[in-house]
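# Close look at the chain arrangement
Here are the chains, one letter per residue:
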Amino acid sequence: MRDHGLVSVLAALIVLSLASPAGGYTLLDRTTTFNVQAGLIGPGTFWVEDYEADTDMSFSLAGGLDYKLGPKISGGPTLAINNFSGYDDSSTMLEFGFLLKAWINSVGSNLLFRPGFGISYGRLGSIGGVDSSNYLVINGTIEMVMMRETGLNWLVMLGITGAPTGGNEDYEMTYGPGFILRGGVAF
């Protein structure tokens, strides 16, 4: 059932990009941009006290706002929904944070690279008999944006994520590192 939801989100992104009325602007000239992404979060490891549990590859959805803080830097809020699954159980982490990005491009090129660093609060639902838990999440990302003169701008994001601290009333818990690969649009 999970796969149908991911396919629906990807289909919606494709329809949005084909039917987008947003045109006639340059992404580099905008002070505020938005992005929507869908993809995968790779296998990783959760630690509950001294117990280690491996996770399987799962889906990841995200979106964010980038506000230009200077000519080559932006920052803004992000929201991500990451599914963690393993050992025949799964749960969703809702992650809300802030991401800073540098803007690197060559004059005349339609490629924009945006390496970023983010800090988030994550809340994971109960999984494997362990009650829901909270985390301080650290993210390192790099986006490659293919800028277009009209319509939506395509992007691919590769990231690494982890939580050096977290848990609930009963257990100290951490996870990572995990790798994220998402594709989407910036507008």
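Everything in this summary refers to the structure shown in the same document. (Residues numbered from 1 in each chain as written. Predicted model: local features only at pLDDT ≥ 70, side-chain atom pairs only at ≥ 80, totals over all residues. Heavy atoms only, no water.)

## Examining the pattern of salt bridges
Opposite charge on two side chains permits pairing when their charged atoms draw close. Stated formally: We count a salt bridge whenever a side-chain nitrogen from Lys or Arg sits within 4 Å of a carboxyl oxygen from Asp or Glu. Helix numbering and strand numbering both begin at the N terminus, where a helix is a DSSP run of H or I of at least 4 residues and a strand a DSSP run of E of at least 2. Working definition: with a 1.4 Å probe on protein chains only, accessible area under 20% of the residue-type maximum means buried, over 50% means exposed, and in between means partly exposed.
As enumerated under the stated definition, the model contains four salt bridges in all. Notably, a salt bridge pairs Lys101 with Asp66, separated by 3.1 Å at the nearest N-O pair. In this pair, Lys101 is assigned in strand β6 (residues 89–102) and Asp66 in strand β4 (residues 58–70), connecting sequence segments 35 residues apart. Its salt-bridge partner being Lys101, residue Glu143 comes within 2.9 Å of it at the nearest N-O pair. With Glu143 in strand β8 (residues 133–146) and Lys101 in strand β6, this pair connects stretches of sequence that are 42 residues apart. We classify Glu143 as buried; its relative accessible area is 2%. What emerges from the salt-bridge pattern is a single network uniting Asp66, Lys101, Arg114 and Glu143.

## A word on the nonpolar core
The following threshold applies: Buried Ala, Val, Leu, Ile, Met, Phe, Trp, Tyr and Cys residues that are joined via side-chain atoms within 4.5 Å together make up what is termed a nonpolar core. We call two residues in contact whenever any of their non-hydrogen atoms come within 4.5 Å of each other.
Judged by nonpolar contacts, the single largest core of 21 residues is most densely connected at Phe84, Met93, Tyr135 and Tyr175. When residues of this core are traced back to their parent elements, those giving at least two are β2 (45–48), β7 (111–124), β8, β9 (153–167) and β10 (173–186). Take this core: its biggest share by element is four residues, from β10. The residues touching Met93, leaving out its near neighbours within four places in the chain, are Ala80, Ile81, Asn82, Phe84, Gly122, Arg123, Leu124, Tyr135, Val137 and Tyr175.

## Some details on the environment of Val48
For Val48, the position within the fold is in strand β2. The spacing of Val48 and Gly167 is 119 residues in sequence and 8.0 Å in space, taken between C-alpha atoms. Those residues in contact with Val48, other than ones at most four positions away along the chain, are Tyr171, Glu172 and Met173.

## Considerations on the side chain of Lys101
Basically, it comes down to this: Side-chain atoms alone can form a polar contact between residues adjacent in sequence; in general such a contact is a pair of N or O atoms within 3.5 Å, and within protein one must be able to donate a hydrogen while the other accepts it.
We classify Lys101 as buried; its relative accessible area is 2%. A distance of 3.1 Å separates polar atoms of two side chains, one belonging to Lys101 and the other to Asp66. Those residues in contact with Lys101, other than ones at most four positions away along the chain, are Asn35, Asp66, Lys72, Ile73, Ser74, Arg114, Pro115, Gly116 and Glu143.

## As for empty space enclosed by the protein
What counts is decided by this rule: Each cavity reported here is a set of points on a 1 Å grid over the protein atoms alone in which a 1.4 Å probe fits but cannot get out, each pocket an open set with protein on both sides within 12 Å along at least five of seven lines, and each lining residue one with an atom within 4 Å of a point. Grid points are joined across faces, edges and corners, and a volume is the space filled by probe spheres set on the points.
Considering all chains together, one arrives at two cavities of 30 Å³ or more under this definition. In this model, the largest cavity occupies a volume close to 270 Å³. In terms of lining residues, the largest cavity is bounded by 30 residues, among which Thr78, Leu99, Asn139, Thr141 and Arg182 are the most central. Elements supplying a minimum of two residues to the lining of the largest cavity: β1 (32–41), β4, β5 (73–86), β6, β7, β8, β9 and β10. Ranked by the residues each element gives to the lining of the largest cavity, the list is headed by β5, at six residues.

The values reported here are purely geometric and, on their own, carry no functional implication.
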